[in-house]
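# A structural walkthrough
The residues making up each chain are set out below.
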Amino acid sequence: MVPVEEALRSGELLLNTEPALVEETVRSVSIVEPALVSLFTLLLIIFMRNFINILPYIIDSFTRARGSSDLEGSVRVSRDRNLIAMIFIIPFILLLYFYRIYDPSFLSGMGDNMRLLLIGAIFIAYLLLRRLLVVIFAPRRVNDNYAMAEKAAYTFFILAGMLVLPTFGILYLLGVNDLTIKTVALAEISFVYLVFLLRKSQILSTFCSPLTVFLYLCALEFLPTGLYVASALLL
């Protein structure tokens, strides 16, 4: 008969004696994201007077096509609008990143910093493509209304930011889940974009036939935006 002490000594311990490694599920914190948020906040504070200056014109451009004419009629207001539109690129890219509004599959395996960088680069490439198409399809003769229709995009881009950013802040404080915030943001952006298409059509119709207006929209809006959306769905 084997003594109890010897039986215990000869037994094999099957459980791992090393502490189990717990998989980290917390999203890594990058210095880039708070830096961009701080940069946007600082720029908005610095140029708050410019923003307040254009605010009535932004609202007027939303409610009627004539508002764009009044905005472009003032060099100072037009310059302030362009400046604020450039500043609003920062939070827009962050929203695309945080809530995966633009989330092609080829970005899934990348780190946070690289994903943010590529999302920003692709969005800026989209803006540059829009600008290139505007130059390519510009009328042979200089046309102020054509330029006005192009610059209306800057106005409505600011308007989209004015609508989405406060909504995001309110929903975030209320503890709403990310999917709902993403859905609401997409709905608001789509609404502003549809109104923008209407106003742009009205501006173009002042010197174009309905067919030409449709062709301009296809070349200047549907093509670049369609490519941007397709890149998110297919890549």
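One structure accompanies this document, and this report is about it.

Turning next to the overall build of the protein chain. Secondary structure summary: the protein chain contains 10 helices and 0 strands in total. The helix and strand sequence of the protein chain, counted from the amino end, reads α-α-α-α-α-α-α-α-α-α. Counting across all 235 residues of the protein chain, residues that qualify as buried make up 36%. Summed over its atoms, the accessible surface of the protein chain is roughly 14,700 Å², and 69% of this surface lies on carbon and sulfur atoms.

This next bit is on the nonpolar core. Core analysis: the largest hydrophobic core is formed by 55 residues, its most contacted members being Ile84, Phe88, Leu96, Ile119, Phe123, Ile158 and Leu204. Those elements giving two or more residues to this core turn out to be α2 (32-46), α3 (48-63), α5 (75-87), α6 (89-98), α7 (112-136), α8 (144-173), α9 (178-204) and α10 (210-234). Take this core: its biggest share by element is 12 residues, from α8. In contact with Leu96, not counting residues within four places along its chain, are Ile101, Tyr102, Ile119, Phe123 and Tyr228.

With that settled, consider the packing of aromatic side chains. For the structure on display, the rule yields 15 aromatic pairs. Seen in terms of ring centroids, Phe40 and Phe88 are 5.7 Å apart; in terms of plane orientation they differ by 85 degrees. Their pairing is edge-to-face. With Phe40 in helix α2 and Phe88 in the loop between α5 and α6, this pair connects stretches of sequence that are 48 residues apart. Judged by its relative accessible area of 5%, Phe88 falls in the buried class. Ring centres of Tyr97 and Phe98 lie 5.4 Å apart, and the angle between their planes is 55 degrees; on these two criteria the pair is classed as tilted. Residue Phe98 is classed as partly exposed on the basis of its relative accessible area, which comes to 35%. Members of the aromatic cluster, joined through ring pairs, are Phe62, Phe156, Phe191, Tyr193 and Phe196.

Quick look at α8 now. When the terminal C-alpha atoms of α8 are compared, their 44 Å separation across 30 residues agrees well with the 44 Å that a helix rising 1.5 Å per residue should span. Directly beyond the C-terminal end of α8, a positive phi value near 80 degrees is found at Gly175.

A separate point is a nonpolar patch on the surface. A cluster of nonpolar side chains, Phe106, Met110, Met114 and Leu117, forms an exposed patch at the surface whose accessible area comes to about 360 Å². Note that Met110 resides in the loop between α6 and α7. Relative accessible area serves as the criterion here: at 33%, Met110 is assigned to the partly exposed category.

So, on to the pattern of salt bridges. Summed over the entire model, instances satisfying the criterion amount to 6 salt bridges. For Asp70, the salt bridge is made with Arg64, and the minimal N-O distance between the two is 2.9 Å. For Asp70, a relative accessible area of 31% puts it in the partly exposed group. Taking relative accessible area as the criterion, Arg64 reaches 35% and is therefore assigned partly exposed. One salt bridge connects Glu72 with Arg81, and the closest N-O pair in it is separated by 2.8 Å. A network of salt bridges, in which partner residues are shared, links Asp60, Arg64 and Asp70.

Structurally, Glu150 is set in helix α8. What makes Glu150 buried here is its relative accessible area of 13%. Apart from residues no more than four positions distant in its own chain, Glu150 is found in contact with Arg131 and Val134.

The next subject is the packing of α3 against α5. At a minimum axis separation of 9 Å, α3 and α5 run at an interaxial angle of 105 degrees. The orientation of α3 relative to α5 falls into the category roughly perpendicular. Taken together, the residues of α5 that come into contact with α3 (itself represented by Asn50, Phe51, Asn53, Ile54, Tyr57 and Ile58) are Arg76, Val77, Asp80, Arg81, Leu83 and Ile84. Looking at the contact of α3 with α5 residue by residue, the classes come out as 7 nonpolar, 2 polar and 3 charged.

Take the packing of α3 against α8 next. Running from amino to carboxyl end, α3 crosses α8 at an angle of 100 degrees, the nearest separation of the two axes being 10 Å. Classified by the interaxial angle, the pair formed by α3 and α8 is roughly perpendicular. Side by side, α3 and α8 meet where Phe51, Ile54, Leu55, Ile58, Ser61 and Phe62 of the first sit next to Thr155, Phe156, Ile158, Leu159 and Met162 of the second.

Rules behind the numbers
Residues numbered from 1 in each chain as written. Predicted model: local features only at pLDDT ≥ 70, side-chain atom pairs only at ≥ 80, totals over all residues. Heavy atoms only, no water. Helix = DSSP H or I, 4+ residues; strand = E, 2+ residues; numbered from the N terminus. Buried < 20%, exposed > 50% of the residue type's maximum accessible area, 1.4 Å probe, protein only. Areas by Shrake-Rupley, 256 points an atom, 1.4 Å probe, with all protein chains shown as cover. Core = buried A, V, L, I, M, F, W, Y, C linked by side-chain atoms within 4.5 Å. Contact = heavy atoms within 4.5 Å. Phe/Tyr/Trp six-rings, centres within 6.5 Å; stacked < 30°, edge-to-face > 60°. Expected span 1.5 Å × (residues − 1). Patch = residues over 30% accessible without salt bridge, like charges linked within 9 Å, V, L, I, M, F, W, Y side chains within 5 Å. Salt bridge = Lys/Arg side-chain N within 4 Å of Asp/Glu carboxyl O. Axes fitted to C-alpha atoms, helices over the stretch in contact; angles between N-to-C directions. Parallel < 35°, antiparallel > 145°, perpendicular 65-115°, else oblique. Nonpolar A, V, L, I, M, F, W, Y, C, P; charged D, E, K, R; others polar.

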